Amino acid sequence: APSVTECYLEHANITVKDIDDTVNFLQTAFPHFQIRGGGELDINGLQKRWCHIGTQTTYVALEEVKNIKSEETRCSYRDVGINHIGFVVPNIDEIIERLSNAGFREGYKAGNNQFRKRKY
């Protein structure tokens, strides 16, 4: 593990519409990601399904609320919430190919950047 003077993201916790779809996406992009735990919770009548997926060093904590039926009203990059999580990878072209072969489509088209390739 990094020393205390080095900062790294240990985990991010996000609520998703469908844990299974999200796990499929993450494991397609990052085949080395493993499910570290999961289950179901009932917190004051709010039923949740949860899953931790990643590596021994970093992971994404996923939550899916089961008994909420609301229309999607959040607008990315305008309303409060997570817009995206950035991963640094050794070969983005391999990940793009895996995702494309699995039927995932590119989202936002990022402009050219002289220091990095960005894909959404």
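Computed from a prediction, not measured in an experiment: that's the story for all the values here.

1. A few points about the pattern of salt bridges
Move 1: The final tally for this structure, using the stated rule, is seven salt bridges.
Move 2: Salt-bridge contacts for Glu 40 lead to Lys 66; the nearest nitrogen and oxygen are separated by 3.1 Å. Highlighted residues: Glu 40 in strand S2 (residues 34-43) and Lys 66 in the loop between strand S4 (59-65) and helix H2 (92-101), separated in sequence by 26 residues.
Move 3: We classify Lys 66 as partly exposed; its relative accessible area is 38%.
Move 4: Across the pair Glu 64 and Arg 49 runs a salt bridge whose closest N-O atoms are separated by 3.7 Å. Placement of Glu 64 in strand S4 and of Arg 49 in strand S3 (residues 46-54) is noted, with a sequence separation of 15 residues between them.

2. Topic: unusual backbone geometry
Move 1: For Asn 44, which is not glycine, the phi dihedral falls at a positive 55°.
Move 2: Along the chain, Asn 44 turns up in the loop between S2 and S3.

3. Comments concerning the nonpolar core
Move 1: In terms of nonpolar packing, the biggest core is built from 14 residues, with Ile 19, Val 23, Leu 26, Phe 30, Ile 53, Val 60 and Leu 62 touching the most fellow members.
Move 2: Listing elements by their share of this core, those giving two or more residues are helix H1 (19-29), S3, S4 and H2.
Move 3: Residue contributions to this core peak at four residues, all from H1.
Move 4: Sequence-distant contacts of Ile 19, defined by excluding residues within four places in its chain, comprise Arg 49, Trp 50, Cys 51, Leu 62, Glu 63 and Glu 64.

4. Observations regarding the packing of aromatic side chains
Move 1: Within the structure shown, the criterion is met by four aromatic pairs.
Move 2: Seen from their ring centres, Phe 25 and Phe 104 are 5.1 Å apart, and the 80° between their planes marks the pair as edge-to-face. Remark: Phe 104 occurs in the segment after H2 and Phe 25 occurs in helix H1; sequence separation between them is 79 residues.
Move 3: Phe 104 gets classed as partly exposed once you look at its relative accessible area, which sits at 27%.
Move 4: Three or more aromatic residues joined by ring pairs make a cluster, and in this case those are Phe 30, Phe 33 and Phe 87.

5. Observations regarding the sheet that holds S2
Move 1: An order of S1-S4-S3-S2 is seen for the four strands of this open sheet, with the pairing classed as mixed. Bordering the open sheet on either side are strand S1 (11-15) and S2, each of which pairs with just one other strand. Mean inter-strand twist for the sheet, computed between neighbouring axes without regard to direction, equals 15°.
Move 2: Sheet topology places S1 next to S4; five bridges connect them, and they run parallel. The residue bridging Ala 12 from the neighbouring strand is Val 60, located in S4.
Move 3: Of the strands in this sheet, S2, S3 and S4 are in contact with H1, which crosses S3 at around 10°.

The rules behind each value
- Residues numbered from 1 in each chain as written.
- Predicted model: local features only at pLDDT ≥ 70, side-chain atom pairs only at ≥ 80, totals over all residues.
- Heavy atoms only, no water.
- Salt bridge = Lys/Arg side-chain N within 4 Å of Asp/Glu carboxyl O.
- Helix = DSSP H or I, 4+ residues; strand = E, 2+ residues; numbered from the N terminus.
- Buried < 20%, exposed > 50% of the residue type's maximum accessible area, 1.4 Å probe, protein only.
- Core = buried A, V, L, I, M, F, W, Y, C linked by side-chain atoms within 4.5 Å.
- Contact = heavy atoms within 4.5 Å.
- Phe/Tyr/Trp six-rings, centres within 6.5 Å; stacked < 30°, edge-to-face > 60°.
- Pairing = 2+ DSSP bridges.
- Axes fitted to C-alpha atoms, helices over the stretch in contact; angles between N-to-C directions.

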